[in-house]
Structure formats: structure tokens, C-alpha cells
Amino acid sequence: MVVRAVQPESLSTDYDPIGHTVNLASRLEAIAEPGWTLVSESTHRLTKDYFRYADEGAVLLKGMDETVRVHRLLGPGPVGSRFGVARGRGLEPFIGRGEPLERLCARFGDACAGAGNMVGIFGEPGIGKTRLIHEFKRRIDRPCRVLDVSLSAYDRGMTYHCVASLLRQLLDIAGGDDQAAIERKLRQVWYRNESRQAGLSAPVLGLLGIGSGDAGGRPFEADTGVLRSRVEVAMEQVLESVTQTRPVVLMVDDVQWADYESLELLMKLSARLQGRRILVILGARIGIMEDIRARAICEPIVLRPFARLESKALLDCILGTGPGLAQIKSQIISRASGNPLFLEEVVQSLIEQGVLRGDRGALGLASTHGDLAIPATVQSILSARIDALEPRDKSLLQLMAIIGRDVPVGLLIRVAETEEAELRRQLDRLARNAFIVEKPAFPELEYGLRHPLISQVAVESLLKEQRTSLHLRVGSAFETFYASQLNDQSPALAFHFLAGADAPRALTYLYMAAKRAQQGGLHADAIDYVEKALEVLEGLEKSVENLELELRLLLLSGTAWMAQKGFSAPELEVVYDRALWLARHLDDPESLFKVVFGLRLYHFGSGRLGRARDLAQELVEMAQRAGDNAFLMEARLALGGTLFPMGQLREAKVALDEAVAIHACRPAAGHSLQFGMDPGVTGLALVARVLWYQGYPEQATERAREAVCLARSLDSPYEQAFALVFAAEVHANCGDDATAIELLSEAIALSGEMGFRQWLTRAHIMHGWCQARSLAPEAGRSEAFEWIERYRESGIKSWLALYCSYKSAMLAAIPAHAEALSVNAEGIEVARKNGEYLCLPELLSIRASIFSAMKGAAGQAEMAECLDEAMRIAETLGARALQLRVALERCRLFGSGEERSANRRTLLNIYRSFSEGNGTRDLERARLLLARPQEGEKKSRPGQSNQTC
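Residues numbered from 1 in each chain as written. Predicted model: local features only at pLDDT ≥ 70, side-chain atom pairs only at ≥ 80, totals over all residues. Heavy atoms only, no water.

### Considering the overall build of the protein
Part 1 of the reasoning: Scanning the protein from terminus to terminus reveals 43 helices and 13 strands.
Part 2 of the reasoning: Among the 949 residues that make up the protein, the fraction classed as buried is 55%.
Part 3 of the reasoning: Of the contacts formed within the protein by residues at least 6 apart in sequence, a portion of 68% connects residues at least 24 apart.
Part 4 of the reasoning: Carbon and sulfur atoms make up 51% of the accessible area of the protein, which totals about 41,100 Å². (Helix = DSSP H or I, 4+ residues; strand = E, 2+ residues; numbered from the N terminus. Buried < 20%, exposed > 50% of the residue type's maximum accessible area, 1.4 Å probe, protein only. Contact = heavy atoms within 4.5 Å. Areas by Shrake-Rupley, 256 points an atom, 1.4 Å probe, with all protein chains shown as cover.)

### Observations concerning the packing of aromatic side chains
Part 1 of the reasoning: All chains considered together, the criterion is met by 14 aromatic pairs.
Part 2 of the reasoning: Look at F722 and F726: their rings are 4.5 Å apart centre to centre, the planes differ by 45°, and that puts the pair in the tilted class. Note that F722 and F726 are positioned in helix α33 (residues 717-733) at a spacing of four residues, about one turn of the helix. The burial state of F722 is the same as that of F726; both residues are buried.
Part 3 of the reasoning: By way of ring pairs, the aromatic residues F644, W692, Y693 and W799 are connected into one cluster.
Part 4 of the reasoning: Over the face of the ring belonging to F785 we find K807, whose NZ or CZ atom lies 5.5 Å from the ring centre. (Phe/Tyr/Trp six-rings, centres within 6.5 Å; stacked < 30°, edge-to-face > 60°. Lys NZ or Arg CZ within 6 Å of the ring centre and 35° of its normal.)

### Examining the nonpolar core
Part 1 of the reasoning: Within the largest apolar cluster, 281 residues are counted, with the highest numbers of intra-cluster contacts made by M235, L250, V252, L397, I436, W799 and L907.
Part 2 of the reasoning: Here the element with the most residues in this core is α33; it accounts for eleven residues.
Part 3 of the reasoning: Excluding its chain neighbours within four sequence positions, the residues that come into contact with M235 are V163, L166, L167, L170, L250 and L265. (Core = buried A, V, L, I, M, F, W, Y, C linked by side-chain atoms within 4.5 Å.)

### Here's the deal with the side chain of R429
Part 1 of the reasoning: Mapped onto the fold, R429 is located in helix α18 (residues 420-432).
Part 2 of the reasoning: On the basis of relative accessibility, which here comes to 17%, the residue R429 falls in the buried class.
Part 3 of the reasoning: Not counting residues within four places of it along the chain, the set of residues in contact with R429 comprises E390, R392, D393 and E422.

### Re the pairing of strand β6 (residues 248-253)
Part 1 of the reasoning: Counted residue by residue, β6 has six buried out of six residues, so it is predominantly covered.
Part 2 of the reasoning: In β6, alternate side chains face the same way, and those of V248, L250 and V252 on one face and V249, M251 and D253 on the other are all buried.
Part 3 of the reasoning: Relative to β6, strand β5 (residues 145-150) is paired through six bridges, and the arrangement is parallel. Bridge pairing in β6 places V149 opposite V252.
Part 4 of the reasoning: Relative to strand β7 (residues 278-285), β6 runs parallel, the two sharing five bridges. For V249, the partnering residue across the bridge sits in β7 and is L279.
Part 5 of the reasoning: With helix α10 (residues 260-269) bridging β6 and the parallel β7, this β-α-β connection has right-handed handedness. (Pairing = 2+ DSSP bridges. Right-handed = clockwise from strand over helix to strand, strands pointing away.)

### Quick look at the sheet that holds strand β13 (residues 446-449)
Part 1 of the reasoning: Strand order across the open sheet formed by three strands is β11-β13-β12, with antiparallel pairing between neighbours. Edge strands, defined here as strands with exactly one partner in the open sheet, are β11 (407-408) and β12 (436-439).
Part 2 of the reasoning: Sheet topology places β12 next to β13; four bridges connect them, and they run antiparallel. Within β13, the residue paired with E438 across the bridge is Y447.

### With respect to the pattern of salt bridges
Part 1 of the reasoning: In this structure the tally under the stated criterion is 53 salt bridges.
Part 2 of the reasoning: For R385, the salt bridge is made with E345, and the minimal N-O distance between the two is 2.2 Å. Taken together, the residues span a long stretch of sequence, with R385 in helix α15 (residues 378-387) and E345 in helix α14 (residues 340-353) at a distance of 40 residues.
Part 3 of the reasoning: By relative accessible area, which is 1% here, R385 ends up buried.
Part 4 of the reasoning: Residue classification places E345 among the buried positions, given a relative accessible area of 2%. (Salt bridge = Lys/Arg side-chain N within 4 Å of Asp/Glu carboxyl O.)

### What about helix α41 (residues 880-893)?
Given 3.6 residues per turn, any residue in an α-helix points the same way as the ones three and four places further on.
Part 1 of the reasoning: Helix length check: α41 (14 residues) gives 20 Å between terminal C-alpha atoms against 20 Å at 1.5 Å per residue, within 8%.
Part 2 of the reasoning: Of all 14 residues in α41, 13 are buried, a share of seventy percent or more. (Expected span 1.5 Å × (residues − 1).)

### A closer look at the UniProt feature "coiled-coil region" (unreviewed entry) in the protein
Part 1 of the reasoning: Here the UniProt feature "coiled-coil region" (unreviewed entry) sits at residues 530-557.
Part 2 of the reasoning: Structurally, residues 530-557 is divided into 82% helix and 0% strand, and its ends, taken at the C-alpha atoms, are 7 Å apart. (UniProt positions renumbered as here; feature names shortened; annotations may be inferred.)

### Things to note about unusual backbone geometry
Part 1 of the reasoning: Of note, the bond from I814 into P815 is cis; its omega dihedral lies within 30 degrees of zero at 5°.
Part 2 of the reasoning: Inspection of the secondary structure puts P815 in the loop between α37 (800-813) and α38 (817-834).
Part 3 of the reasoning: Unusually for a residue other than glycine, D172 sits at a positive phi of about 55°.
Part 4 of the reasoning: Relative to the elements of secondary structure, D172 occurs in the loop between α6 (161-170) and α7 (179-189).

### A few points about the packing of helix α16 (residues 391-403) against α18
Part 1 of the reasoning: In contact at an axis separation of 10 Å, α16 and α18 are set at 85° when each is read in the N-to-C sense. Accordingly, the angle class assigned to the pair α16 and α18 is roughly perpendicular. In this structure, α16 uses R392, D393, L396, L397 and M400 to contact α18, whose residues at the interface are E422, L423, Q426, L427, R429 and L430.
Part 2 of the reasoning: Of the residues contributing to the contact of α16 with α18, the split by class is six nonpolar, one polar and four charged. (Axes fitted to C-alpha atoms, helices over the stretch in contact; angles between N-to-C directions. Parallel < 35°, antiparallel > 145°, perpendicular 65-115°, else oblique. Nonpolar A, V, L, I, M, F, W, Y, C, P; charged D, E, K, R; others polar.)

### Some points on the sheet that holds β5
Part 1 of the reasoning: Ordered by their spatial adjacency, five strands build an open sheet running β5-β6-β7-β4-β8, and the pairing between neighbours is parallel. This sheet does not close on itself; its edge strands, each paired only once, are β5 and β8 (299-302). Strand-to-strand, the axes of this sheet are offset by a mean angle of 15°, without reference to chain direction.
Part 2 of the reasoning: Strands in contact with α6 are β5 and β6; relative to β5, the strand with the most contacts, it is inclined by about 150°.

### Brief notes about the environment of F481
Part 1 of the reasoning: Within the fold, F481 resides in helix α20 (residues 464-481).
Part 2 of the reasoning: C-alpha of F481 to C-alpha of L411: the two residues are 70 residues apart in sequence and 6.3 Å apart in space.

### Concerning the environment of S606
Part 1 of the reasoning: Inspection of the secondary structure puts S606 in the loop between α26 (589-605) and α27 (609-626).
Part 2 of the reasoning: Sequence separation between S606 and S798 is 192 residues; the distance between their C-alpha atoms is 6.6 Å.
Part 3 of the reasoning: Dropping the residues within four chain positions of it, S606 is found in contact with F567, S568 and K797.
Part 4 of the reasoning: Side-chain polar atoms of S606 contact the backbone oxygen of Y602, separated by 2.8 Å. (Polar contact = N/O pair within 3.5 Å; in protein donor to acceptor, adjacent residues only side chain to side chain.)

### Points about the side chain of S270
Part 1 of the reasoning: Looking at where S270 falls in the secondary structure, it is placed in the loop between α10 and β7.
Part 2 of the reasoning: Among the polar contacts listed, one links the side chain of S270 to the backbone oxygen of M267, at a separation of 2.6 Å.
Part 3 of the reasoning: Residues within four places of S270 in sequence aside, it is in contact with M118, A296 and I297.

Below, the structure written as C-alpha cells:
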């Protein structure tokens, strides 16, 4: 039977049963006894290492002119793949590593018993790390799941490449699996706890280059640290699921080439192995041993160079013990310094030079010789051996080194531009000469270089022009071979076209790779690809096409920097300033809107509210000129959101109401992916906050409820977290700490699960603040203080003044008056500098309270000055809720003396101005205070004039 290769694109198989082979198979079938399988001599020769046979002798078959030697199949042979056979033929005897092998086997036994552990195999290049791992795999004597990843220098720049490779093996992901198939496999892993899937599937899909992969699809919130945590949890959960049925052996060779994030995950995994049936084996160069040991719970196995006796034993096995070999063995041992690879390569080199002849294990000298010219390094030997190859074999080896990773045969055929039969002959020769190894893969075999040093030397043997030409050839072959997977292959395509000096195609795939990285939450990678693309553009003409590409790259870079460092990242100013010039120069209104939108976020996050307001007003004007209601809605939200902390409450409310009205007529949920939030949820939540400050607590709580309901109806975790935090703030301001804590607890759980850094931080601050003034003062203060510091460290300046007011009030309650005064002063300075006037009345009231506690009657002048300024600001802003709080504080601090009556009258007038909100904390405090008659007065009933609508 002749079976053609499986087609990798369609996975279809073509059968073409014609010719001599089919006739021979038919005749063998005719003479076979029931249950027998007979094969010819040629089939036996090709498969004898895979299966056991009985020789049935020569048979004259019908229609054949000559006898055919027939073999009967008995059963499986000692190895199960062509890879195993190839290595079995080419590997030298395993010498000098018995003790490390026994340690690995012992650790495997421990892991099978539930005592998971990590072992590191360390040594110089060529010392035998990979060979030891191979021998250990052969010794595994019980059912287990073996995951095997070999890394190369090419992998170091691909974030989470190692983790993605392991996940593909753990989840049994095949090359043809689409997103739906992968999601089904994830569901199978998490079937015991489907609630995890929403938070953990996204990062897994992102790492595999499928789906958005970022935190809820929001470009601004996929924080690198949070993503790292989620990938870590996802990996842990997948391993936990797999180990329910059998132990897992996870092997990563050449860990020195692992990307930073993958190495971090492996280091953290080491602390979570106890009690699990997992053995992790890392193979690495000696240079990183101390770093790994300092960061992980890892048992080291250090492979030392062979002693002279071990080197001699290996050479005895390779060369034999024939006469005249003692001197040559001595020379090889002296030069090789106990490095097994060096020993093997020297012998191979001497065989190829004709100095040694015969079969391995029985080699002899071809002629007398003096001192042999043995190179000083393995690299020198490899270089000499590569130079001695036939030109076409050498070219193929160099081509494989340029590709830099295991290569499917189908891709090699395209790249090498050689007939398949001839290519396979070349691959066989390279395999026999121990340059490459064959690796089983689906849907077709792959080939890889035997050792990273071979790749390094092969590439270095090329001239710069040759390397450039080969990279270009490889990139072109990748384009056709992976035509349906260009997004997944974009990092490799970008690399080859960059090295191949094809600027247009390099730019295409750098942009594609940057988008792919950002969608996967790998923002540092996205920034790196953008910067490489910008470097390429720098050397090209400033055509319109190139300027448009630069603008797209800068917009992508802006969102990546926001995710990486926050809204106040200093890099944003440079990025958006250049993007602003480009958008105006190209007369691109849509891109200009996006640039100004990003600049407004940067200035708002940096605390420059005046500049942010001007940019928001510019957004409004741009949207009005374009007649685009969707953009006008975003612009009004940006303007209202900026005016609100500045204390321009009436103007903020007008802008926000218009945005909400536009959304009600024409919902534009698609903009949430472009600008980071759903406009309806944003508008309602911001309106709720404005209404509370204006003195409408019942309307505020109703709008907050509507925002939460809308967010839930969108089934969007990001919008839900946002709405929950803002609704909790409204309830807390109304004095309903119980409801606020309930909402914040939900927001914390959701934000923590989904990785929403901003809302997690703000929810914790509010949660601590509410706890500190109600149920658990000490625990609440501790929580709030910790997360306020995290907010400060993020570099975001907006709303820092508000959190300073929280902290200073909590410090004063301890009491820690000196520290409270310092934090309060910081808050006032920040509020004045940023223009966050809405925060000043609270800060000044708290300052007056601190002065009262510190100085008593001696501080009355300072207290009065603070409260007077607080009231003036609150009145100017039209913030009745703040006026009420300042008036209450004045009555508390000046409860006696000649100012008492005036203070009560002020409080009464403010109290009566409220048309709703009876029962909220501040209004209830005012009612009770006013209900207490002054000396000589009749009891008043202030509540009669405080009507509820």
C-alpha cells in the first residue's frame, strides 16, 4: 500500500494503490495465515527497529519472477517512533551519569507518591544535560503525562512562549484546533469549577494567539502584573486537573533561553508542588544556576566534566580498543577537557577527515600520524565539520539554523526549493552525521538541530549578505506555508523580514505582532514591536502611506503604555504629541479624535485637569463639526468627567446628561472596545456622583442603581466593576456603609478575578474607608492605607487628594494628629495644584478638626479660617452636600459661645434647602442637632420644612 503524506493545510489523506507495491501486498495477503501480518524484505528493513519479526524465508509468489524474502510480524519493538530509532542509532553509550539518573528516578518516585518537586540539571554546553533527560524518559516505568519543551535563543524574545508550548501539550491542542475547539478543551479542564473559566480562559486564549485575551477586552486595564497572576493560576489549575488521573513530568531543556515571564512562572510553580504529583525538570547552563536556586525551591544536579577514566571509557566505546589507538585517545582526552560533546565531535571529525576508518566501536587508524591538529573548542570542530559537508547539505543545515526552530518537512520543502526525495536524502545524511534529529509531530514530521551550538556555528559561517538572503527566503516561505495562520506566525515573520531587510513586509508583520501581543495582554511585547517598526520607518521616505502607518503604530503604543504604566506614564506625552502632529498633517479626523482622547486621559491621570478640560472641549468641537453622535457622546462624557472633580458641577451635569440622552436614543456599545468604557454606564455612574454633591441623594442612588443594572445587562465584567465602585461611593456618601461594603466586596472579587487594576485599587480604598468608620476600624484603616499607597505608586495624580482626605481623617481618629496633618496638607496641595476643587471643602474641614484636637481653644482662629474657606468653596461650586458637612463641622467645633446661634442658622438654612434625602447620615445628624433647643429657645421642628419629593 502506498500512502501519501497527510496534507498539513487540510489534514486530508490521498490513497493511490497502484503498481508493483500493491501487487506484492496482495500476494503476501494471499499466503498469510488468519491473524498474520506478512511484510517484504524492504518493509522489514525500514521497520525492524519498531517491530519484532520472525523470518519466514524466501518465497516464490504468484506473478513474480524472483523469490521474495518474507517476515512475519510478532509485536512492537523496543522503540515507538522514528525519532527514537534515529537517536538509538546515533547516541553513544550512556557513561558517567548513573548517579544523577538515579536521583531523577528517585524524585519521580516521590512525585508519583504526591511529593512534587523541581530538579535543575546544570552544566556547560555539551556536558550532557539533554542526554540525561533523554535517558530519564527511557527509564520512566509507570503511566504518566510527559511534557517536553526544548528552547532556543529564538524563543527568548517571545513572551510566554515556553508557557504556551506547555499549555498546548497539557490541553492536547492540535495544529488544526480553532478557538471553539480550544475553548471546549478548557471547559473540560475546568468542569469542576466553571466560575473560573471567565477569568482564566481569556489569558490562556491570549497566549495561544486566539481571541482578545486581555482583561475583559479593555485595552487600558490588562495590567502586566495581573496578567502574570492570571496565567499563573490558569497554569496551576490545568496541572491540577491533569494530575487527577496520572502524574505529570514537565521537562524544559535549555531554560537559559526561556523568556522572562515563563521563567518567573516556573520559579513560582516550584513553591506549589508539594502535595501534587508533578515533577519539574529544568535543563540549564551553569551560569544561571545560582539565580534559579535563589528564586525557586529547586534541587540542583550539577553535571561535572568527565574524569579521565570516564572520557577513556566513552572513547573505548566509540573507537574500540584496537592497537595503536592509545595515543590518539590521549590527545583527544587532553584537548576535550571532559566534555562529552567535544569528545564525540572530535571523533566524528577524524572519521570525516579519513584519519579513522571502520565501524563505530571497531575503528582503526587509516595511516600513521603525528600530533593531530585537534581544534581548541567545540565550536572550531563544528565549524570544520560543517565546512566539510557537501555544499548542498551545508546549505540545508545553514537554512535550518536560520529558521531557528524545529521545522516541518513541508516547510523545508518550500524553503529549500528542492524536490522532496532529494531533500529527504539530504536530511538523512545530516542525521547520520549527527547534525540534526528527527522529531515526531502532527500532521507531519519535524526536524531540528541536534544542539544549539550547531545552530550558532552554522549561522556564523554565513556572510552577512547570505544571512539576509536566507532570512528573506524563509520569511517568504512562511507566508505561503502558514497562509491561514499569519497572525499566529507574525512574530516569526517580522523577525525574518527584519533580518531579510524587507522593510514593507517587516512593517506589516511588526504591526500585526504588536496588535496580537496587545490583545493577549503582553503590552511590553507590543511596545517592543512598535519601537522596532518605528525604527524601520525612520529610514524610509515620509510618504503618506508610511506616515499613516506611523500614526496607527503610535495609537497602538499609547494604549499599550497606558496598560503597562498607567494613565500618567511619561512616555505617553511623547507618543501622543507626535501622533497629534501626524493626525493633523494627514487631515485624519477619526485618528485625531482618538489621539486627543488619549491625550486627555494622560493629562487627567497626571493631574493636569485644566489641560484635560481644554482637550475634552476640543473633542466636543471635533465631534460637532463631524456631525458624529457617537463621538459626541464620548466627548461629552470626557468633558463631564473632567469638569466634575474641578467642581464645575452644573456644567458637568449638562455634559453628562447630553451623553446619556444620546446613548438612550442610539446605544453604541461598540465604542467600549475603542475608548475603554460603555458610554451609558459611564454617564449614569458619573451623573449619580454629581447629583449627590449637588444635594440630591435619592436621585443619586437611583442613577447609581441604573448604572449597575445596565452594566449587568451588558454581561460585561469591566463595566460591572466600574459601576459597583461608583455606586458604592454614592451609598457611602449617603451614610449607607452596609450597602456600600456589599457592593465593594462584589467589585473586589470581580476586579481581582478579571484583573481590573484600577477598580480593584479604588474598591479596596473605599472598602477600607467604610470599614474604618463602622464595623472594623483597625482592619479598615490597614486595608485603606495599603491600597492608597498602591494608588500613589501607580503614578496617577487624579483623585489622590480625595484619598488623602480619607487617610487624614482615619489617622486623626487613631489619633495620630501630626501624621494626619501632614497627609492633609499633601491633599490640599495636590487639590490646588491639580484644580480638584471638589476635594478642598472636605480636606479643609478635616484640617479644622485636627487643629481642634491638637490645640483646643488656642486653635480657634485657624479652625475658623479653614471652615470659612471650605464654606466659600462649597457655595461657589454649588455643592450643597459639602456645605451641609462644613456647617455640621462648624456647629460641632463651635458649639458654644457667641457664634453658636449664627452657626445653627446657617445649618438650618442649608438643611431646609434639601428637597429629598431624609434619613441619610448627614441630614439625620443635622436634624438631631437642630432638634436640640438652645438655652432660652422653644424646641424647633426643622424636619417640617424638609420635604421629600
